[in-house]
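Chain by chain, the residues:
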Amino acid sequence: MKNRIKTILFVFLMGFIHTVWAQEKQVSGTVTDADDGAPLPGASISVLGTSRGVSSDFDGNFTINVGEDDVLLVSYMGYVSQEIPVAGKSTIAIQLTMEQNALEEVVVVAYGTQKKETVTSSVVEVKSEKLTDVTVPEVATMLQGKVTGVQVLPSNGQPGSSPNIIIRGRSSINSTNSPLWVVDGVIVGNSDPKLNPKDVASMSVLKDASATALYGNRGANGVIIVTTKRGTIGQKPQLTVSLKTAINRFNPGNFEVMDSRQLYDFQESLGNTNPWFDESLLERDFNWLDATTQDGLVTDASASFTSATETHNLLVSGGYYSEEGTVIGSKLDRYTYRTNLDYKITDKLTIKPKLYFVFDRRDNARGGSLYQAYTNLPWDIPFNEDGSVVNANQALGDTWLGRDKSNFFYDRQWNYSDSRSFDLFASFDFEYQLLKNLTFISTNNFRWGNFERYSYTDPRSNGGRANNGSIEDYTYRGLSRFTNQMLKYSNIFNNDHTVNVLAAYEYNDSSTRNVTARSENVVVNGKVQSVGLKPAVADGDASEFAQQSFLVAADYDYKGKYFAKTSLRVDGASAFAPDYRYGEFYSFAAGWNIHKEDFFDSKSINVLKLRASHGAVGNQPGGFGFLSTYDVRFQYAGLIAAKPNRLGTEDLTWEKGIESNFGLDATLFNAIDLTVDYYDKENSGLLFFRRLSDQTGFSGRYQNIGSVTNKGIEVAVSADIVNTDDFGINIGGNISFNRNNVEELPDATDIISGSFIIREGEEFGSFYMRKWLGVNPADGAPVYEVIDEETGESSTTADYNSATLQIAGSANPDFTGGFNTSFWYKNFTLSSNWSFSYGAELYNASRNLFDSDGYYLQYNQMVLPDGWSRWERPGDVATHPKPQPGGYAGSNQTSTRYLEDGSYLRLNNVRLSYDFPAILMENIGISSANIYLSGDNLVTFTKFTGVDPTINDVDNGGATTLGYTSIGYPVPRRFALGLNITF
């Protein structure tokens, strides 16, 4: 009986298996473009309602096991998905058509997106594939040379340093000249948002007032909108891994100091009579720069996962970036994490939570000093024969000849400092479709920032001798909140009239607090404040800021031919008194697609668009300038007392910028894209801190003064010279001309600050100093210019103090720009990116020390570049006086002697990459793979004799810093090897 049951069960099971196998079969097919028949590799083919699926190969082919009644779902990025019943077919030819919105390129603009053909403002969008050529931990540097009207100026070459960005010239004296950063709709501020470059999908640069007016009092310096990545509906889930390693090389530029022999010959020409000066010095030749610098290792690794369906769109990414600086002791470690999720709960409601954090650790332990590396003499040896470190501060006799008697190798045995920062960004955004054409969009974000710096000075070090060592802690905490509640209406009437309207309320505030504590007389190798026997410093401060805004905008499009846009924003900021708290900012713009007119018939001009815009934007100061402030950190008669600090200005208000822009966009021969813009921008009510007489008891007050204009022309062009399946050549370039002028000042009174002057009718950024005329051939003495105030006649003098202070050039370039090239052959691609600047003067402050005609005998001196010479005998025509002990009175003080041409052409990046064949990768389970070699900052062509002509400190927007550079920490030369893999 049991055997019969077993037999029946076996027969039943075999029949069931046979039935199942009979119902399943193999289907093959090809996925192609419906328009041109081109194969679509990587298309997704899945069985509807199941998890079974495959992807098409490089030729669009696929094979899948299906049942007779199954339905195939075929999808591909940018194409309309299809559902195809199997219905007994064994082969299926699938043709997909492009989605209409894929045919119309969309760019990111203020508070949304817009079809590129209807954009009326000056907006440039750069996609991610154009941004990831350079090896950097931040996103600002990626724009260098790629956008017209945008200067990207490195602040220095330290790991993790952020560059300064100037869009269409400078116009603010005391407020910032930096653009506003907006990330995924959230206003971040005017500083680097600390994003992982691998997370960036695109960056839009908004340059004119029409583009930036919706950001109101923050849009005066331009806006950079960053959109982070998402998944793509129609693509299978992807895991992308990017690995890169690089080497940093110190880049001294054209600046070189003397070795032992060169310095000996120089001192001998001075007639050095010191007893220690003899040829035995030539036995000592220490290269301080080599000992202070190094080849630094860079590691960049990131991984991201994307998945997108009709209901969800997910990005999860993490990154690690580590960079050793080219100056010993400087290092950055950065960790990043991001989650972006768009989840469609219902047909009407979509939630969009985001989470991002970045953790930095910067290490300056046992750091070197570039200043000492250049100033210390090659005759001063920092190490004894037994390898111990020389304490130059206690060196006896002639064993240490440098003036400062400082050997940083000694203190760096014990002293160190480091810092840590943690920034957390969290958003909970959602969209709700109220009606068919009306959507409510809610953006809500908070940012928490924490920064800690620790500095230890050992009791055994020279720096710790006065107070028996010290420990200092600095802590900063900041919280920012942002919310925007927006209604968006979009509709098309009669297929010809497209209308988009938005209205929103926005609020954001921030609060910060910082504390500094220092203790002295510390235990050796102590780590915390409690090991110090003497509390020395306890200091700190706090700040708050709040702003609310109301904004409305509308745009209209008729048949894609004529379009117009207008916006209005009202801002109220806590930085101003109640009666002056609110300001209105507006814009108008219009455009015309001439190529769509019936009368336009040109085979060579494919696109021709004219656009014009006009608008008003603003700029505001930090703090509360309308309030008088007092200093309470002192005592009177044993009691806490207050003394005046800053005088308030009740009628203080924001700077306002009025700008008009006229543009032309054209495409020629379906291969050449051309964009030309002309702009005229005036910034009035400039914020300025005016110093007051000591008799008032106040240091000064903020005032709205004067106006500055910037006018310019921008041209950008790109061309596909060759574009075939196997070979292609693409080139692009941009150039920007900007003219800056101070239009008005109170009572036409000059504002002089250091070596700069702000004067009506002159450029903002004009140098003001004595003019150096060279060397008198008769006696080799310096010669300066004297201008007669009454007649204007010019004469010469050898007396520095008698020379005339005068305007002597400008820190503003005549033009800036960049260009790029790309060549590809089959799977190989060679690309390059360049940037240039021409006509700016740059004051080389380092030469005051190193080119001093004998004034600084106990400092090393620079090697004169080719073409420079020293006067030796009467009749010599030379660039430099004959050196003498003590130099010449005034010869190494501020004058045009050290004002140089700061023009340059720099190769920012060159990259050779190889894409592995798709078929080969699919066989090992990889969707795509790419390997590349690249070099950053490889060569700079410049006449500038300093370290780096691109380094300018413009953090505070002041005219006293742009155009001024000293030794500086140069941007390193970098060589990298990278690999990108997608699964």
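Residues numbered from 1 in each chain as written. Predicted model: local features only at pLDDT ≥ 70, side-chain atom pairs only at ≥ 80, totals over all residues. Heavy atoms only, no water.

1. A word on the sheet that holds strand 39 (residues 772-775)
Consideration 1: Spatially, three strands are ordered 39-40-41 in an open sheet, and the strand pairing comes out antiparallel. Looking along the sheet, the strands with just one partner apiece sit at the ends: strand 39 and strand 41 (794-797). Taken pair by pair, the neighbouring strands of this sheet meet at an average axis angle of 35°, ignoring direction.
Consideration 2: Strand direction decides the pairing type here: strand 40 (residues 782-787) and strand 41, joined by four bridges, are antiparallel. Along strand 41, the bridge assignment pairs Val786 with Ser795. (Pairing = 2+ DSSP bridges. Helix = DSSP H or I, 4+ residues; strand = E, 2+ residues; numbered from the N terminus. Axes fitted to C-alpha atoms, helices over the stretch in contact; angles between N-to-C directions.)

2. Thoughts on the side chain of Arg338
Consideration 1: Here Arg338 is to be found in strand 20 (residues 331-344).
Consideration 2: Here Asn340 takes part through its side chain, which lies 3.4 Å from a polar atom of the side chain of Arg338. (Polar contact = N/O pair within 3.5 Å; in protein donor to acceptor, adjacent residues only side chain to side chain.)

3. Focus: the sheet that holds strand 38 (residues 766-770)
Consideration 1: Here we have four strands laid out as an open sheet, ordered 36-37-38-42, and antiparallel in their pairing. Only two strands of the sheet have a single neighbouring strand rather than two, namely strand 36 (751-753) and strand 42 (805-810). Averaged over all pairs of adjacent strands, the angle between strand axes in this sheet comes to 40°, irrespective of strand direction.
Consideration 2: With four bridges joining them, strand 38 and strand 42 adopt antiparallel strand pairing. Along strand 42, the bridge assignment pairs Met769 with Gln806.

4. Topic: the environment of Ser753
Consideration 1: Turning to its location among the elements, Ser753 is positioned in strand 36.
Consideration 2: Given the relative accessible area of 34%, Ser753 is considered partly exposed.
Consideration 3: Between the C-alpha atom of Ser753 and that of Tyr768, which follows or precedes it by 15 residues, the distance is 8.9 Å. (Buried < 20%, exposed > 50% of the residue type's maximum accessible area, 1.4 Å probe, protein only.)

5. A look at the packing of aromatic side chains
Consideration 1: By the definition in use, this model includes 47 aromatic pairs.
Consideration 2: Taking 5.6 Å as the distance between ring centres and 80° as the angle between the ring planes, the aromatic pair formed by Trp772 and Tyr784 counts as edge-to-face. On the criterion of sequence distance, the pair formed by Trp772 in strand 39 and Tyr784 in strand 40 is long-range, its members being twelve residues apart. For the pair formed by Trp772 and Tyr784, the shared burial category is buried.
Consideration 3: We note Arg170 situated over the ring of Phe764; from NZ or CZ to the ring centre the distance is 4.8 Å.
Consideration 4: The ring of Phe585 has Lys656 lying over it, and the distance from NZ or CZ to the ring centre is 5.2 Å. (Phe/Tyr/Trp six-rings, centres within 6.5 Å; stacked < 30°, edge-to-face > 60°. Lys NZ or Arg CZ within 6 Å of the ring centre and 35° of its normal.)

6. Regarding the pattern of salt bridges
Think of it this way: side chains of opposite charge can pair up when their charged atoms draw near.
Consideration 1: The tally for this structure, following the rule as stated, stands at 43 salt bridges.
Consideration 2: When the shortest N-O distance is used, the salt bridge between Glu872 and Arg873 registers 3.7 Å.
Consideration 3: In this structure Glu872 comes out as exposed when scored by relative accessible area, which is 51%. (Salt bridge = Lys/Arg side-chain N within 4 Å of Asp/Glu carboxyl O.)

7. What about the confidence of the model for the protein chain?
Consideration 1: On average, the protein chain scores 87 in pLDDT, and the residues at 70 or more come to 94%.
Consideration 2: Here residues 4-22 is modelled with pLDDT under 50, and outside its nearest four sequence neighbours on either side it reaches zero contacts, counting other chains as well.
Consideration 3: Here residues 954-960 is modelled with pLDDT under 50, and outside its nearest four sequence neighbours on either side it reaches 22 contacts, counting other chains as well. (pLDDT = per-residue confidence, 0-100. Contact = heavy atoms within 4.5 Å.)

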